[in-house]
Amino acid sequence: MTTVEREVVVLGAGPAGLTAAIYCARADLRPLVFEGEPSSTSDQPGGQLMLTTDVENYPGFPEGVMGPNLMMDFRAQAVRFGAEMQTEKVTKVDLSSNPFKIWIGENGLTSDPDCLARALIVSTGAKSLMLGLPEEDQLIGRGLSTCATCDGFFFRGQEIAVVGGGDSAMEEATFLTKFASKVTIIHRRDQLRASKIMQERAFANERIEFLWNHVVTAIHGTESLEGVRVSHTKTGEEQDIPLGGLFIAIGHSPNTDIFAGQLKMKENGYLITEPDSSRTSVEGVFACGDVQDDVYRQAVTAAGSGCMAAIDAERWLESRSDLPEASASATLSSQ
Amino acid sequence: MAGNITSLSTATFAEEVNSSAKPVLVDFWAEWCGPCKMIAPILDEIANEHGEKVTIAKLNVDDDPSIALEHKVMSIPTLLLFQDGQVAKRIVGAKSKAALLADLAEFL
């Protein structure tokens, strides 16, 4: 495989990465975007909005907009200005020297890098956390789900549960009452972390019940999910609840595994950027979107920080104009 | 673009799937499913490249929920590969082209 060299490479294609790509493309930097691989988790091209339906808080859409459609439009806008999209997942990076080295697929184990980048924009986002129970692999897609909008349809008239206490748990539970006869929100605390408007919607919904101070300790079912065992967080008392479906919305973890030991991170794995900038601990590497944001985590803040990363990268490349320019079309021979 | 992909309905499902000499891969999808949109172009490519070995078909679960129910589809996208009318392979969730081809290798 030949190695391509680019001025700017973007890793990830959610609101942050695609906004960075739009700005870099309009600055004639011809960004190459590794957008990831299709999957049914939030770790995929288009990011977490691919798993939503109506997005009501993205400015400019008074009637709301479908999440997947919004992301398809972001992508089309980046492509229109010359961003090149590659539907591959980056599996290894070497940031120890510039140009940075990037590998995709299994290539990192054996071969030369697939791509060299002068400036790197990291926008790999965050993925849904799972419970970590052994039954999960067997039952995912068989009554166990991380995507209410994808799968809610199949639970018409059934009793189901949502695990979690944040905005996404409330949103999923509220959405699921369109189909399910009853939705139980299982939460490990006695109060919610969700925003006030989302809490109020859930509390006002007659089909939603709350099971406070409980955690799921086992999932029942072989061919399809039949129920869960829950345990009281204070008394340890256990009970079995029959369910037709279980939706997991317990939060996210940043997709930063490939940067371990190379970029400075917080204890929770989110990348650290310098205040009022997108600069990471490595010169020439910029981070934007949820991968560096464990506070706001909104599509519009991700897009805003993607713009910051593009401008930071462009200025940094200009300041280093002493370097030979990477020729976008040239392929380098193996080193 | 999707010229090689057949759209199935409850009315045509049995005839198209059960009486097919080739294996039939049925993509259960819906308009509101983001991951379904991500794999649609991949299925187009697989239909173009491997159409002589396997028939690719799609079934909209909104329009025809009974077939999905019958085959216990509880998540989309789900791909079911039918051979002689029987489900020979079940693939749940969107995947990369390479991963899909690996899952389907024995039929291609």
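Throughout this document, residue positions are counted from 1 along each chain, in the order its sequence is written. Here chains are named by letter from A upward and ligands by number from 1 upward, in the order in which they appear as written. Per-residue local features of the predicted model are confined to residues with pLDDT of at least 70, and side-chain atom pairs are confined, for both listing and counting, to 80 or more; whole-chain, interface and lining totals are unaffected and use all residues. As a rule here, side-chain values come from all non-hydrogen atoms in the structure, and water together with hydrogens is ignored.

Visitor: For this particular structure, what's the right way to read the sheet that holds strand β1 (residues 5-8) of chain B?
Guide: All names here are of chain B. Two strands form a pair only when DSSP identifies at least two bridges running between them. A run of H or I in DSSP becomes a helix once it reaches four residues, and a run of E becomes a strand once it reaches two; helices and strands are each numbered from the N terminus. As summarised here, the arrangement of the five strands in space is β1-β3-β2-β4-β5, forming an open sheet in which the pairing is mixed. Both edges of this open sheet fall to β1 and β5 (86-92), since each of them pairs with a single strand only. The mean inter-strand angle of the sheet, taken between neighbouring strand axes irrespective of direction, is 25 degrees. Pairing analysis gives five bridges linking strand β2 (residues 24-29) to strand β4 (residues 78-83), with the strands arranged antiparallel. The partner of V24 across the bridge, within β4, is F82. In the packing of helix α1 (residues 10-18) onto the sheet, the strands contacted are β1, β2, β3 (55-60) and β4, and the crossing angle to β1 comes to about 135 degrees. Contacts were defined at the residue level, with two residues in contact if any of their heavy atoms lie within 4.5 Å. Angular values range over 0 to 180 degrees, each being the angle between N-to-C directions of two axes fitted as lines to C-alpha atoms, with helices fitted over their stretch in contact. Of the strands in this sheet, β1, β2, β3 and β4 touch helix α2 (residues 34-50), which is tilted by about 160 degrees from β2.

Visitor: Is there a simple way to explain the interface of chain B and chain A in this structure?
Guide: The figure often quoted for interface size is the accessible area lost as the parts come together. Counting residues at the interface gives 22 residues for chain B, matched by 25 residues for chain A. Defined here as a combined quantity, buried area equals the accessible surface (1.4 Å probe) lost by two parts on assembly, summed across both. Carbon and sulfur atoms supply 68% of the area that chain B and chain A bury against each other, a total of about 1900 Å² over both sides. When residues of chain B are sorted by the area they lose upon contact with chain A, W32, M38 and M74 of chain B head the list and together hold 39% of the total. Criterion for a salt bridge: a side-chain nitrogen of Lys or Arg within 4 Å of a carboxyl oxygen of Asp or Glu. Viewed at the interface, chain A and chain B are joined by zero salt bridges. Throughout this description, a polar contact denotes any pair of N or O atoms lying within 3.5 Å of each other; where both atoms belong to protein, one of them has to be capable of donating a hydrogen while the other can accept it, and for residues adjacent in sequence the pair is counted only when both atoms sit in side chains. Linking chain B with chain A are three residue pairs in polar contact (both at pLDDT 80 or more). It is α2 of chain B that contributes the most residues to the side of chain B that touches chain A, six residues altogether. Polar here means any residue other than Ala, Val, Leu, Ile, Met, Phe, Trp, Tyr, Cys and Pro, which are nonpolar, and Asp, Glu, Lys and Arg, which are charged; Gly is therefore polar. Of the residues belonging to the side of chain B that touches chain A, the class tally is 14 nonpolar, four polar and four charged.

Visitor: Teacher, can you tell me more about unusual backbone geometry here?
Guide: Glycine aside, negative phi is the norm for most residues, and most peptide bonds take the trans geometry. Cis geometry marks the peptide bond from N98 of chain A to P99 of chain A; its omega dihedral reads 5 degrees. Relative to the elements of secondary structure, P99 of chain A occurs in the loop between β6 (90-94) and β7 (100-104). Each neighbour pair has its own omega, and for I76 of chain B with P77 of chain B the value is 0 degrees, a cis peptide bond. On the secondary structure map, P77 of chain B appears in the loop between α3 (65-70) and β4. For D28 of chain A, which is not glycine, the phi torsion reads 65 degrees and is therefore positive. Along the polypeptide, D28 of chain A turns up in the loop between α1 (15-26) and β2 (32-34). In this structure, N213 of chain A is a non-glycine residue whose phi angle is positive, near 55 degrees. Mapped onto the elements, N213 of chain A comes out in the loop between β13 (208-211) and β14 (214-220). Throughout this description, buried means an accessible area under 20% of the type-specific maximum (1.4 Å probe, protein chains only), exposed means over 50%, and partly exposed covers the range between. Of the residues examined, N213 of chain A reaches a relative accessible area of 12% and is grouped as buried.

Visitor: Explain the domain arrangement of chain A here, please?
Guide: Residues and elements named next belong to chain A. Residue ranges labeled as domains rest on an automatic or database domain assignment. Here chain A is described as being made up of domain 1 (3-128 + 252-332) and domain 2 (136-248). Relative placement of domain 1 and domain 2: their C-alpha centres are 33 Å apart. Across the boundary between the two partners, domain 1 contributes six residues, which contact seven residues of domain 2. Roughly 500 Å² of surface becomes buried between domain 1 and domain 2 when both sides are summed, with 51% attributable to carbon and sulfur atoms. The largest share of the area that domain 1 buries against domain 2 comes from L51, T53 and S128, three residues that together contribute 58% of it. Where domain 1 packs against domain 2, one counts one salt bridge. Between R201 and E56 there is a salt bridge whose closest N-O contact spans 3.8 Å. Summed over the shared surface of domain 1 and domain 2, the number is one residue pair in polar contact (both at pLDDT 80 or more). Broken down by class, the residue content of the side of domain 1 that touches domain 2 amounts to one nonpolar, four polar and one charged.

Visitor: For this particular structure, what's the right way to read the sheet that holds β14 of chain A?
Guide: By definition, the strands of a sheet pair up through backbone hydrogen bonds, in either a parallel or an antiparallel sense. Residues and elements named next belong to chain A. Spatial ordering of the open sheet is given by β14-β15-β16, a layout of three strands whose pairing is antiparallel. The two strands at the open ends of the sheet, each matched to only one other strand, are β14 and β16 (238-242). Adjacent strand axes in the sheet meet at a mean angle of 30 degrees when their direction is disregarded. Here strand β15 (residues 227-232) pairs with β16 via five bridges, running antiparallel. Among the inter-strand pairings, V228 is bridged to a residue of β16, identified as I241.

Visitor: Would you take a moment to explain the confidence of the model for chain A for this structure?
Guide: Parts of the model with low pLDDT should not have their predicted coordinates read in detail. Confidence scores labelled pLDDT are given residue by residue by the predictor and lie between 0 and 100. Summarising the model, chain A shows a mean pLDDT of 91, and 94% of its residues fall at 70 or more. With pLDDT under 50 throughout, residues 328-335 of chain A is counted as low confidence; its partners more than four residues away or in other chains account for 16 contacts.

Visitor: How should the packing of α1 of chain A against helix α2 (residues 67-80) of chain A be read in this particular structure?
Guide: A pair of packed helices is captured by two measures, namely the crossing angle of their axes and the spacing between those axes. All names here are of chain A. Two elements in contact, α1 and α2, have axes whose closest approach is 8 Å; the angle formed by their N-to-C orientations is 20 degrees. Relative to α2, α1 is oriented roughly parallel. Note on packing geometry: the crossing formed by α1 with α2 is left-handed. Every residue of α2 that contacts α1 at P15, L18, T19, A21, I22 and A25 is listed here: M71, F74, R75, Q77 and A78. Broken down by class, the residue content of the contact of α1 with α2 amounts to eight nonpolar, two polar and one charged. We call two directions roughly parallel when the angle between them is under 35 degrees, roughly antiparallel when it is over 145, roughly perpendicular when it lies between 65 and 115, and oblique otherwise. Should the near helix be turned anticlockwise from the far one by less than a right angle, the crossing is termed left-handed; should it be turned clockwise, right-handed.

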